[in-house]
Amino acid sequence: MADVSPSRGIAARPLRAVIDEPAEPVLRRTVWAVAGILRRITHQDWRNMEKVPRTGGLVIVINHISNFDPVAYGHYLTWAGRWPRFLAKDAIFRVPLLGWVASHADQIRVRRHGPRANEAVAAAVQAINDGKAVSVYPEGTITADPDTWPMTGRTGAARIALATGCPVIPIAQWGAQEVLPGKKLTWPRILPRKTMRVIAGDPVPLDDLRGLPLRAPVLEEATDRILDALTALLAELREETPPPGRWDLKLGRRVPIKEWNR
C-alpha cells in the first residue's frame, strides 16, 4: 500500500493552522510535542478527514490495535480539527507523569468497578453537551482477535451517543501495531519508519434507536452497528476481507455477529 502524498502536506502544517477549538494548556502542549515526534519517526496516510465534524459534540469510536495507537489516532484527529479527549482506563491515571498529564489534559477517567463506575459516562455526556468530541474504544481494550480485527465490544459508546443524541463518527487505524505489537509494553520498533494509516467514515446510523429506553437490546444493536462500521473501514485500509463473525473475548473464539451480545 502506497502512502497518500497529500497526508504529508497536512501533517506538516503547524498546530495553530489546523485547529480552532479551545483546549487546556497541558493538552495543547502535549499534542504539539507528540506530533513533532511523530512527524519524524512515522509516515502518515490520512484519509477522509473532512468527515470529522469540526464543531459540536460528538462521539468518535476507534478500533484498538496497540498501545501506540492513541498517539497515532490523536495526531490524525487534531489535524482534522478536534482535540483528542479519551475515555481512558483508571490505570493510566495512576502512572507517574502520564497520569498527571491525563488529569490535566481533560481526559475522562474510567473506573469500571465500584460506586464510581458510572462517573465516566456522566462526564462524557457533559463534555459532549459542552460541544466537545469524546473518543471511545468500543472494544474496551486492545483487540484479542488473532488477525487484529475488531472484536466484541462494550456498550459505553452506544450509551453515551444515545443519551446525548450526538453523531457517532467511526475512525479506523492500521500501522500502530507495527510500532508496539501486542498488549505488553516493549521498546518501540521505529525503524524502518512505519506508516500510520487512519480513515474516518460516515456517521453510524442510529436514528431509529434514539428515544428508545437504554436497555440491553438497544445498546447491543447500536454497539453492533458501531463495530460493523469500524470493521468495514479497517477492511478498506487493509485492502482485505474481514473474517465472518466477531472474536469473543470471553469465549476465545469467533462467533456469529448477532450471537456475541446475547
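Residues numbered from 1 in each chain as written. Predicted model: local features only at pLDDT ≥ 70, side-chain atom pairs only at ≥ 80, totals over all residues. Heavy atoms only, no water.

K.L.:
Mind showing me how you'd approach the layout of surface pockets here?
P.N.:
The method is simple in principle: a probe with the dimensions of a water molecule rolls over the atoms, and the space it marks as empty is what remains. Looking at the largest pocket, its volume works out to about 1700 Å³. Residue lining of the largest pocket: 50 residues in total, with Phe86, Leu87, Ala88, Lys89 and Ile92 positioned closest to the centre. Elements with a minimum of two residues in the lining of the largest pocket: α3 (25-41), α4 (69-79), β3 (87-89), α6 (98-104), α7 (119-129) and α8 (156-164). In terms of residue count, α3 provides more of the lining of the largest pocket than any other element does, 6 residues in total. For the lining of the largest pocket, the per-class residue count stands at 30 nonpolar, 14 polar and 6 charged. (1 Å grid on protein atoms, 1.4 Å probe; cavity = no way out; pocket = protein on both sides within 12 Å on 5 of 7 lines; lining within 4 Å. Points joined across faces, edges and corners; volume = space filled by probe spheres on them. Helix = DSSP H or I, 4+ residues; strand = E, 2+ residues; numbered from the N terminus. Nonpolar A, V, L, I, M, F, W, Y, C, P; charged D, E, K, R; others polar.)

K.L.:
What is the right way to look at a positive patch on the surface in this model?
P.N.:
A contiguous patch of positive charge, built from Lys89, Arg112, Arg154, Lys183 and Lys250, is present on the exposed surface. Along the chain, Lys183 turns up in the loop between α9 (176-179) and β7 (194-200). (Patch = residues over 30% accessible without salt bridge, like charges linked within 9 Å, V, L, I, M, F, W, Y side chains within 5 Å. Areas by Shrake-Rupley, 256 points an atom, 1.4 Å probe, with all protein chains shown as cover. Salt bridge = Lys/Arg side-chain N within 4 Å of Asp/Glu carboxyl O. Lys, Arg positive; Asp, Glu negative; His and termini not counted. Charge placed at Lys NZ, Arg CZ, Asp CG, Glu CD.)

K.L.:
Where do I start with the packing of α8 against helix α10 (residues 216-238) in this structure?
P.N.:
A packed helix pair is summarised by two numbers, namely the angle formed by the two axes and the spacing between the axes. At their nearest, the axes of α8 and α10 sit 8 Å apart, and the two run at 105° to each other. By the angle between their axes, α8 is roughly perpendicular relative to α10. Residues Ala157, Ala158, Arg159 and Leu162 of α8 form the contact with α10, whose participating residues are Val218, Leu219, Ala222, Thr223 and Ile226. Classifying every residue of the contact of α8 with α10 gives 7 nonpolar, 1 polar and 1 charged. (Axes fitted to C-alpha atoms, helices over the stretch in contact; angles between N-to-C directions. Parallel < 35°, antiparallel > 145°, perpendicular 65-115°, else oblique. Contact = heavy atoms within 4.5 Å.)

K.L.:
Even after reading the chapter, I still don't get the packing of aromatic side chains, so can you show me in this structure?
P.N.:
For any pair of aromatic rings, the description consists of the separation of the ring centres together with the inter-plane angle of the planes. Inspection of the entire model under this criterion finds 3 aromatic pairs. With 5.6 Å between their ring centres and 70° between their planes, Tyr73 and Phe86 make a pair best called edge-to-face. With Tyr73 in helix α4 and Phe86 in the loop between α4 and β3, the pair connects residues that are 13 residues apart, well separated along the chain. Its relative accessible area of 11% is what places Phe86 among the buried residues. Members of the aromatic cluster, each reached through a chain of ring pairs, are Tyr73, Phe86 and Tyr137. The ring of Trp149 has Arg238 sitting right over it, with the charged end atom 4.0 Å from the ring centre. Geometry around Trp174 places Arg238 over its ring, the cationic atom sitting 4.1 Å from the centre. (Phe/Tyr/Trp six-rings, centres within 6.5 Å; stacked < 30°, edge-to-face > 60°. Buried < 20%, exposed > 50% of the residue type's maximum accessible area, 1.4 Å probe, protein only. Lys NZ or Arg CZ within 6 Å of the ring centre and 35° of its normal.)

K.L.:
What is the right way to look at the nonpolar core in this model?
P.N.:
Across soluble globular proteins, nonpolar side chains show a tendency to be buried alongside one another. In terms of nonpolar packing, the biggest core is built from 29 residues, with Ile60, Tyr76, Trp79 and Ile171 touching the most fellow members. Those elements that place two or more of their residues in this core are α2 (15-18), α3, β2 (58-62), α4, β6 (168-174) and β7. Judged by nonpolar contacts, the second largest core, of 28 residues, contains Val61, Ala157, Ile160 and Leu230. (Core = buried A, V, L, I, M, F, W, Y, C linked by side-chain atoms within 4.5 Å.)

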